[in-house]
Structures are given as C-alpha cells and as structure tokens.
Amino acid sequence: MNQPSNDTFLRALLRQPTDYTPVWLMRQAGRYLPEYCETRRRAGSFLQLCKSPALACEVTLQPLARYRLDAAILFSDILTVPDAMGLGLYFSEGEGPRFERPLREEWAIRDLEVPDPDGPLRYVMDAVAEIRRALADAVPLIGFAGSPFTLACYMVEGESGSEFRHIKTMIYERPDLVHRILSVNAEAVTRYLNAQIESGAQAVMLFDSWGGCLSDAAYREFSLAYIQRIMAGLIREKDGQRIPSIVFTKGGGLWLEDIAACGCDALGLDWTMDIGAARRRVGDRVALQGNLDPSVLLASPEAIVRETKAVLDSYGPSDTGHVFNLGHGISRLTPAEHVTVLVDTVHDYSRHLRGK
Ligand code: CP3
C-alpha cells in the first residue's frame, strides 16, 4: 500500500520535518455532527454502527469532509474487545457503557480467553480495510485499542461512575486476579492492534483513560507494565513504512518520563499540563500529541484562536514532533463550525511560526 499524499501526521510522529503542525481530534466522528446523528439513527444504535463496516466507514469520513484534518481514526470503541470476550456490552441512554456479565468471580477470571481478531472482531478488521479503500491514501488511518487496565476497569465494574471500587478493592485484596485479567487483555490488545495494522491501520493509539486513577506504585505495576508488554509485541513496520504508536494516559502527567520510555513513538497529553513543560521533560525521545482543553471549543471563535495559538507557542519553535489534538474527546455540545476555526488556526499559525 502507498504512503498517503498527506503524510504530515506520520512524519510529525516520527519527528521528521513538516511544513505545518498536523491536527486531528479525539472522537472527531461523534454526536456534535448532525450527519453522525443521522447515520447513528439509521444504524439503530451506537453498537450496531460500530458493527456495520459500511456505516462505520461512512462516519469515519464525515469529519474529513467538513474539516482539513490530517488523519482519520477508525470509528469503533475500546470496549469491542471485552464484548468479544463474551461480557455482553450494551449502552443505556445517558449512562454510558455497561456489561451484562461484569468480571467479579474467580472462575470467570480464570476462564477469560483472548478473542481471535479474525473471529468475533472480524467486523473491526473489515471496517479498517473498507476505510482504507475509501480514503484512497488521502490521509493516514489510525487504529486504536484500550489499555489493559482501562479495559479491566470497565470489565470489573460493569458500568461507569462506580468510582472504581471493585477493581481497586481487587488490586489490594487479590492482585493475582487483576494480573490474570491484565495478562489476557495485553495479549488480546496486541493481537487486535496487529490485526488492525495487517488490515491497513497506519498508526496505532492506546487509550489509557483510567490509569490516572491509580497510586504511583499501582500505576507502574497494573497499567504501565502491560502497556510496555503491548509495545514490545506490536508490528513496527509494514510494507517498508514505520507504524508509529501513541500512548495516551489521561492524568498521566506524573509519569511522563516513564511513559516516554515504554517503547511508544508519541505521548498523548491531557489538557492539565503545559505542553512546553512536557516537552522539556521528555526531550526528543518521543513526539507529543495534544493538548487543548476540549471546553475551549465551547467558547467564542476569538477564544479558540487565542488558546490554540497558546498551545502552539508553548510547544515552541520546532518543525516537528507535535501533533495537535484536544486533551480528551470532543464534547457533544461543540458547535460544528468552531472546529473549522481550530483546524485552520493550527495550520495557518504553525506555518507562520515556521516562517512559511
Ligand atoms: O476518536 C474517534 O473518533 C474514534 C472513535 C472512538 C469512540 N470511542 C467512539 C465513541 C474512540 C477512540 C473511543 C474510545 C473510548 N471509548 C474510550 C477511550 C477514550 C476516552 O474517552 O477516554 C473510552 C473510555 C470508551 C468507552 C466509551 N464509549 C464511553 C465512556 C462512551 C461514552 C458514553 C456516552 O454516552 O457518552 C462510549 C460511547 C462512544 N464511543 C461514543 C462515540 C462516538 C458516543 C456514542 C453515541 O453515539 O451514543
């Protein structure tokens, strides 16, 4: 397969020079777009949308038709993997994801198995292949998965908003059971991401959305160690092209240096830290992705321009190593036209900073 005609995103991740700073947004295909809501209605539900490769492809392309984004991200969810393990994923309106059979019993944890990416997850691989064909090498396609710990949070709690009480109790009472879940998850995610790469994903991102809820010692033992295991098992090159990997730990500011050493090419930053300070801490070991507060997009166009420039100024003069993004997913309340202001400001102002 060919290198995309716009490879700015891949080059920035690999710290090669670019003419401007590339930008994409976490959850760029989502409920802030009326056309997304329309396709989701046609699909019947969010899960049916994920499970239809044709419709997943349609919504992946929607934000690219509106904005000059520099990457596409597979439309799917991190919870497809535990769903394929048989936990029974469903979404109840307004309450987020839930599992019919949360993982609490020792026997169920012992019985947990790595799902075959070509079996119950085949629909994800079919979506990746279909999106690659539809993109026709215009921009690169990002594949993704949840981190073993973040998946375990949902698998054990079975619902959002439980303050992690089951998984945290298990960490302190039965760490052996948590390690068993994490080992299965790490193997499952490695195979899942490699299958996405084989199907056409040109970069991969690991979402560690809940690692930041752990103590310093527990983070290293129960989250970072398994991220490292995945990084060591990923396909690094396909058809002569490097496949860059991004690790995003929400609330991971404490551990930047350690995450930067886990084997990834880039670190995703949430909005709580200053990107320039982060850059000074990790040097040129990895690229950085982030980190505008998603709430900025709810404010006026003037505020969006000012805050976007502030992130670019803070990263500082350099012609590479920064992928602009939000510090977390875009809010469903974002006015769609505000995203145009953000994307155009990133492109124009970063060219200006490079003297182009
Ligand atoms: O970035 C993208 O555009 C790719 C698609 C994507 C989705 N979820 C689509 C989605 C990605 C990368 C994810 C990752 C994901 N899913 C994470 C990690 C990132 C993060 O936000 O921290 C997590 C924790 C999940 C689990 C999950 N799925 C949650 C908490 C929710 C929100 C529930 C809600 O009602 O807001 C989902 C649902 C979900 N995943 C939506 C989308 C567009 C909204 C579903 C809808 O249309 O109703």
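Residues numbered from 1 in each chain as written. Predicted model: local features only at pLDDT ≥ 70, side-chain atom pairs only at ≥ 80, totals over all residues. Heavy atoms only, no water.

Caption draft 1: Local environment of the site of the ligand. In the vicinity of the ligand there are 23 residues, among which R27, R31, Y36, R40 and S209 approach most closely. Taking H328, its side chain carries an N or O atom lying 2.7 Å from an oxygen atom of the ligand. Burial of the ligand by the surrounding chains reaches 89%, relative to a free accessible area of 870 Å². More than half of the atoms belonging to the ligand lie within 2 Å of the grid points that define the largest pocket. For the shell around the ligand, the elements supplying multiple residues, two or more each, are helix 2 (34-43) and strand 3 (96-99). For the shell around the ligand, the residue count by class is 14 nonpolar, 5 polar and 4 charged. (Near = heavy atom within 4 Å. Polar contact = N/O pair within 3.5 Å; in protein donor to acceptor, adjacent residues only side chain to side chain. Areas by Shrake-Rupley, 256 points an atom, 1.4 Å probe, with all protein chains shown as cover. 1 Å grid on protein atoms, 1.4 Å probe; cavity = no way out; pocket = protein on both sides within 12 Å on 5 of 7 lines; lining within 4 Å. Sits in = over half its atoms within 2 Å of the grid points. Helix = DSSP H or I, 4+ residues; strand = E, 2+ residues; numbered from the N terminus. Nonpolar A, V, L, I, M, F, W, Y, C, P; charged D, E, K, R; others polar.)

Caption draft 2: Geometry of helix 15 (residues 336-353). Under the 1.5 Å per step criterion, the end-to-end length of helix 15 is 27 Å for 18 residues, consistent within 8% with the ideal 26 Å. Taken together, the buried positions of helix 15 are occupied by A336, H338, V339, L342, V343, T345, V346, H347, Y349 and S350. In this fold, the buried residues of helix 15 make contact with helix 4 (53-66), strand 10 (287-292), helix 14 (301-315) and strand 11 (322-326). Just beyond helix 15, the residue with positive phi is G355, at close to 70°. (Expected span 1.5 Å × (residues − 1). Buried < 20%, exposed > 50% of the residue type's maximum accessible area, 1.4 Å probe, protein only. Contact = heavy atoms within 4.5 Å.)

Caption draft 3: Inspection of the packing of helix 13 (residues 275-282) against helix 14 at higher detail. One way to put it is that helix 13 packs onto helix 14 with a least axis distance of 7 Å and a crossing angle of 25°. Classified by the interaxial angle, the pair formed by helix 13 and helix 14 is roughly parallel. Considering the relative orientation of helix 13 and helix 14, their crossing is right-handed. Between helix 13 and helix 14, the residues in contact are I275, G276 and R279 and V311, S314 and Y315, respectively. (Axes fitted to C-alpha atoms, helices over the stretch in contact; angles between N-to-C directions. Parallel < 35°, antiparallel > 145°, perpendicular 65-115°, else oblique. Left-handed = near helix turned anticlockwise from the far one by under 90°.)

Caption draft 4: Quick peek at the side chain of D208. Inspection of the secondary structure assignment puts D208 in strand 5 (residues 203-208). The side chain of D208 is buried and forms no salt bridge, while K250, the nearest opposite charge, is found at 11 Å. A polar atom in the side chain of D208 sits 2.8 Å from the side chain of S147. A distance of 3.3 Å separates the side chain of D208 from the backbone nitrogen of G211, its partner in a polar contact. Discounting chain neighbours no more than four positions away, the residues touching D208 are S147, F149, T150, Y219, S223, I227, F248, T249 and K250. (Lys, Arg positive; Asp, Glu negative; His and termini not counted. Salt bridge = Lys/Arg side-chain N within 4 Å of Asp/Glu carboxyl O.)

Caption draft 5: Focus on the pattern of salt bridges. Evaluation of the coordinates by the stated rule reveals 23 salt bridges. With a shortest N-O distance of 3.0 Å, E106 and R174 are connected by a salt bridge. Highlighted residues: E106 in helix 6 (residues 106-111) and R174 in the loop between helix 9 (165-173) and helix 10 (175-199), separated in sequence by 68 residues. Where R281 meets E257, a salt bridge forms, and the shortest distance between an N and an O atom there is 2.8 Å. Residue R281 is located in helix 13, and its partner E257 is located in helix 12 (residues 256-260); the two are separated by 24 residues in the primary sequence. Residue E257 is classed as partly exposed on the basis of its relative accessible area of 30%. A network of salt bridges, in which partner residues are shared, links E106, R110, R174 and D176.

Caption draft 6: Structural context of the packing of aromatic side chains. Applying the stated criterion across every chain yields a total of 7 aromatic pairs. Seen from their ring centres, Y36 and F75 are 5.6 Å apart, and the 55° between their planes marks the pair as tilted. Separated by 39 residues along the polypeptide, Y36 in helix 2 and F75 in the loop between strand 1 (72-73) and helix 5 (80-87) bring together distant segments of the chain. Through successive ring pairs, a cluster of aromatic residues spans Y36, F46, F75 and F91. Here R279 stacks its cationic end above the ring of Y315, 4.4 Å away from the centre of that ring. (Phe/Tyr/Trp six-rings, centres within 6.5 Å; stacked < 30°, edge-to-face > 60°. Lys NZ or Arg CZ within 6 Å of the ring centre and 35° of its normal.)

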